[in-house]
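A structural walkthrough
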Amino acid sequence: MTQPNNLLTRIFQGAAVLAIAALFVVLGFWQLQRAADLKAGLQVARTIDTELVPLQTVAKPREALDAQAFNRTVSLTGRYIANFRAPNQDDGDGVVSDWEVALAQVDEGSAILVVRGLWSERLLNPEIAQSTDIDLTGVLVASQFADRANNTPGIISRLDSAVVVGLTDLDLYDGYILARSEAVQGVDLERSRVTEEKINPKIPGFYWQHLSYVVIWWLMAAVVLYLPFYRRRVTP
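Below or above, wherever it landed, is the structure these notes cover. (Residues numbered from 1 in each chain as written. Predicted model: local features only at pLDDT ≥ 70, side-chain atom pairs only at ≥ 80, totals over all residues. Heavy atoms only, no water.)

Describing the pairing of strand β5 (residues 134–141)
Looking down a regular strand, the side chains alternate between one sheet face and the other. Cut-off, in case you're wondering: Working definition: with a 1.4 Å probe on protein chains only, accessible area under 20% of the residue-type maximum means buried, over 50% means exposed, and in between means partly exposed. Where helices and strands are cited, they refer to DSSP runs of H or I of at least four residues and of E of at least two residues respectively, numbered from the N terminus. Strands pair, by our definition, only if DSSP identifies at least two bridges between them.
Extensive coverage of β5 is indicated by the burial of six of its eight residues. Bridge count for strand β2 (residues 72–90) against β5 is six bridges, and the pairing is antiparallel. Within the sheet, the bridge partner assigned to Thr 73 lies in β5 and is Val 139. Two elements, β5 and strand β6 (residues 171–184), share seven bridges in a ladder whose sense is antiparallel. In the strand pairing of β6, Leu 140 is matched with Ile 177.

See the structure below:
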C-alpha cells in the first residue's frame, strides 16, 4: 500500500506545482497586456480629437470610458446642480491652483463632473442659477486616481465621479469634462479656461514597471518548476 500512496502523493504534488507555475505564467501575460494597454493609453492621452460630438455618443453613465472616448471633444446641454473646489490641480505647465468643478446634470437621470475654470474666478457670471440651461463644449478626460486633497464639504479630493457618488441619486459618467466654452441662450460666458496636457492614463503605473513585473512572474514560475528537481538533488 505504501507504493501506490507515494505515487498518488507525487502526482498530486506534480499537479500542484504545474498549477502554480501556470498561474504565474498567466499573471505574466496579464501584466504584459497591462503594459501594452498603458502604452496605448499614453498615446491616446497625448492626442485630443477636435471633432465635436455629443457626450452621449461616446460615453454612458455608470460605464467605464473606453479608449475611443478619451480626449474626445464633446458637447452637452444641461444645468449645474452642485459646485466644488478641487485643490492643488496641475494645468500641465507646472502651474498648481484650485479649480472650480461643477456637477452638470445631463438629463433626468445622469450627470458628469465639469472643470469650469479657476476657483478664483468662481464669482464670475453670477446670473447662472441651478435652473439655467447651459450649452457646454469640452474635452472628455479619464478620472484622476490620485488624491490631491481631503474630501470635505464643498471640496473634492480628485477629479473622479466616485468621490461625489454619495451626494446625488443621479447616475454618473466616468471621467470628467475640461470645459472649453459655456453659453447661455447663445451668449458665451467669458472666463479663463484650464488645460491639462499631462493627462494621466486610465491604467496606473509605468510601462517599464509593468514589464519588470512580467519578468518577476515568469521567474517565479521557473523557480516553482525547478524546486522539485532541486529537492531531489539535495535529498540524500
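There's plenty left to go through after this.
Let's talk about unusual backbone geometry
The phi dihedral of Arg 62 falls on the positive side, at around 65°, and the residue is not glycine. Here Arg 62 lies in the loop between β1 (49–54) and β2. For Asn 71, which is not glycine, the phi torsion reads 60° and is therefore positive. Note that Asn 71 resides in the loop between β1 and β2. Relative accessible area serves as the criterion here: at 2%, Asn 71 is assigned to the buried category.

Focus on the packing of aromatic side chains
As a reminder of what qualifies: Each pair of aromatic rings taken from Phe, Tyr and Trp, with Trp reduced to its six-membered ring, is defined by centres within 6.5 Å and is described as stacked if the planes are under 30 degrees apart, edge-to-face if over 60, and tilted in the remaining cases.
A full pass over the atoms with the stated rule returns two aromatic pairs. Centroid distance Phe 24 to Trp 217: 5.9 Å. Interplanar angle 25°. Geometry classified as stacked. Here Trp 217 lies in helix α2 (residues 207–234) and Phe 24 lies in helix α1 (residues 2–45), a separation of 193 residues in the sequence. For Phe 24, a relative accessible area of 13% translates into the label buried. With a centroid separation of 5.2 Å and an interplanar angle of 65°, the aromatic rings of Phe 29 and Trp 218 are classed as edge-to-face. Placement of the pair is Phe 29 in helix α1 and Trp 218 in helix α2, with a sequence separation of 189 residues. What makes Trp 218 partly exposed here is its relative accessible area of 34%.

Structural notes on the nonpolar core
Put simply, the rule reads: Residues grouped as a nonpolar core are buried Ala, Val, Leu, Ile, Met, Phe, Trp, Tyr and Cys residues, joined through side-chain atoms within 4.5 Å. A contact between two residues is defined here by any heavy atoms of the two lying within 4.5 Å.
Among the nonpolar cores identified, the biggest contains 25 residues, and Leu 55, Ile 112, Val 114, Leu 140 and Ile 177 are the most heavily contacted of them. If you list the elements that add at least two residues to this core, you get β2, β3 (96–105), β4 (110–118), β5 and β6. Ranked by residue count, the leading element in this core is β6, at four residues. Once residues within four sequence positions are removed from consideration, Ile 177 is found in contact with Val 74, Leu 76, Ile 112, Leu 113, Val 114, Val 115, Leu 136, Gly 138, Val 139 and Leu 140.

What about a nonpolar patch on the surface?
The condition that has to hold: The patches described consist of residues with a relative accessible area above 30% and no salt bridge, like charges being joined within 9 Å and nonpolar side chains (Val, Leu, Ile, Met, Phe, Trp, Tyr) within 5 Å. Areas reported here follow the Shrake-Rupley algorithm with a probe of radius 1.4 Å; residue values treat only the protein chains shown as occluding. Only one rule defines a salt bridge in this text: a Lys or Arg side-chain nitrogen within 4 Å of an Asp or Glu carboxyl oxygen.
A cluster of nonpolar side chains, namely Val 25, Phe 29, Leu 32 and Trp 218, defines an oily patch on the protein surface of about 340 Å² accessible area. For the nonpolar patch, the element with the most residues is α1, which contributes three residues.

As for the side chain of Asp 160
Mapped onto the fold, Asp 160 is located in the loop between β5 and β6. With relative accessibility at 11%, the residue Asp 160 sits in the buried group. Residues in contact with Asp 160, not counting those within four places in the same chain, are Leu 113, Ser 143 and Gln 144.

Describing the pairing of β3
As defined by bridge partners, β2 adjoins β3 across nine bridges and the pair is classed as antiparallel. When the bridges of β3 are listed, Asp 90 appears paired with Val 96. The antiparallel hairpin formed by β2 and β3 contains five residues in its connecting segment, where Gly 92 sits at a positive phi of about 95°.

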